[in-house]
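# Survey of secondary and tertiary structure
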Amino acid sequence: MKLQENLEKVSIPFDVYKVREDFPILKTTVRGNPLVYFDNAATTQKPISVIERIRKYYEQENSNVHRGVHYLSEIATKEFEAAREQVRKFINAEFKEEIIFTRGTTEAINLVANSFGKTFIGQGDEIIISEMEHHSNIVPWQLLCEETGAKLRVIPFDDNGELILDELEKFLNERTKLISIVHVSNSLGTVNPVKKIVEIAHSYAVPVLLDGAQSIMHQKIDVQDLGCDFFVFSGHKIYGPTGIGVLYGKKDLLEKMRPYQGGGDMIKSVTFQKTTYNDLPYKFEAGTPNIEGAIGLRAAIDYLNEIGLENIAQYENELLNYATEKLSQISNLKLIGTAKSKGPILSFILENIHPHDVGTILDYEGIAVRTGHHCTQPVMEHFKIPATTRASLSFYNTKEEVDRLVQGIQKVIKVFS
Ligand code: PMP
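Computed from a predicted model, the values in this text were never measured in an experiment.

Membership of the largest hydrophobic core comes to 98 residues, with the highest contact counts inside it found for Ile91, Ile179, Phe231, Ile238 and Leu327. Residues from two domains meet in this core; each of domain 1 (16–46 + 308–416) and domain 2 (51–305) gives at least three. In contact with Ile238, other than residues within four places in its own chain, are Thr44, Phe90, Ile216, Met217, Phe233, Leu297, Ala300, Ile301 and Leu304. Ranked by size, the runner-up nonpolar core spans 25 residues in total, among them Ile100, Ala113, Trp141 and Leu254.

Following this line, the structure appears as structure tokens:
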């Protein structure tokens, strides 16, 4: 083994206080209190290396890609394509052509619904999703069903927030054309057994899309090991810019799928008689792409690699256990989402206090949490609640911040008692 490879295997000790120095926004004070940012499932903060990389792009490299023969265009194209290669490595896809840049998770799912859907799904066919999906993994399929006459089947979850997998086997049949399922739930925190789901689906020759919006930042993703046919995520949830995301798709499937949008870059030739489409991945990237987004995403991936996803997973898990224990000690507090395998997401309700009031009082303490249905209304419906308060953690959060959350919640309870 080469020295470099050896060094990569050595786990660097994780120092959260040092890591926090990389994120300028964490020094913000809110109404006189140091900011506690616990809304990481909505979007993550950006390290200085990402911010500076985008600045460098506009100061020294800005140009359109794939078109010009001039110096700047060559640099921008090289950097844009290097970002694609970095994403490929990050998720261990086999081919660079399997990485398609999108606006985010939502657009990636819409792309598959429109392209795969309109190529392979018709009247009477079935698509399987689950009861814990984000709206962006429900509505595109509902739109497709409306257009094609296909049907949605929904795998339920139990009161801990664990999928009832026996139901999946009951749904699978020769009409099933796709399973589209969330890897980690954004409102319950549940980590779904996606490898097992892929195995079951493939035994029926059914392809699987994994919504990785909430898994990609917490654990090492290896799409070949997972065996999934599509994997989607957003740059802004892994410390990169907004407006950029990724659709990974197996090459043989993507090749058979019709384009999603028409325009520049996605064609080989255009005449009024016949237009031929470009090769992968460009067939699915119509128009000028989000160049700064892709380049910023690469910087975010570089940053995560530097910290080490294993370090991140270990630290976040420790923080999750600490927060779960502390929150569980508060009487009147009920955790929503108590699956055995969880990402660092804590949704909860307080007896007789509306989550919006909880969020508002916590904000006065400088603590940013999310309140609402988190774009998962069917999850709220399951528990017969209108909303939850959600604290979602990142590797830059600390146990002291969890303690401040606990004190903040105690203050809320006092105000309403
Ligand atoms: N799926 C899940 C599980 C999510 O958490 C989110 C974002 N909250 C999305 C999809 C949509 O991601 P985006 O808004 O970045 O497209």
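Still more ground to cover, so stick around.
Between helix H3 (residues 48–61) and helix H11 (residues 291–307), the least distance of the axes is 9 Å, while the angle of their chain directions is 145°. Read as a crossing pair, H3 and H11 show a hand that is right-handed. Between H3, through Ser49, Val50, Arg53, Ile54, Tyr57 and Tyr58, and H11, the contact on the second element is made entirely by Ile291, Glu292, Ile295, Gly296, Ala299, Ala300 and Tyr303. Residues belonging to the contact of H3 with H11 are distributed by class as follows: nine nonpolar, two polar and two charged.

Structurally, the chain comprises domain 1 (16–46 + 308–416) and domain 2 (51–305). Computed over C-alpha atoms, the centres of domain 1 and domain 2 are 28 Å apart. Taken together, the contact between domain 1 and domain 2 spans 41 residues of the former and 36 residues of the latter. Contact between domain 1 and domain 2 buries roughly 3000 Å² in total, counting both sides, with carbon and sulfur atoms accounting for 55%. Across the contact surface, domain 1 and domain 2 share one salt bridge. For Lys340, the salt bridge identified is with Glu162, shortest N-O distance 3.8 Å.

Conventions we followed
- Residues numbered from 1 in each chain as written.
- Predicted model: local features only at pLDDT ≥ 70, side-chain atom pairs only at ≥ 80, totals over all residues.
- Heavy atoms only, no water.
- Core = buried A, V, L, I, M, F, W, Y, C linked by side-chain atoms within 4.5 Å.
- Buried < 20%, exposed > 50% of the residue type's maximum accessible area, 1.4 Å probe, protein only.
- Domains from an automatic or database assignment.
- Contact = heavy atoms within 4.5 Å.
- Axes fitted to C-alpha atoms, helices over the stretch in contact; angles between N-to-C directions.
- Helix = DSSP H or I, 4+ residues; strand = E, 2+ residues; numbered from the N terminus.
- Left-handed = near helix turned anticlockwise from the far one by under 90°.
- Nonpolar A, V, L, I, M, F, W, Y, C, P; charged D, E, K, R; others polar.
- Buried area = accessible area lost by both parts, 1.4 Å probe.
- Salt bridge = Lys/Arg side-chain N within 4 Å of Asp/Glu carboxyl O.

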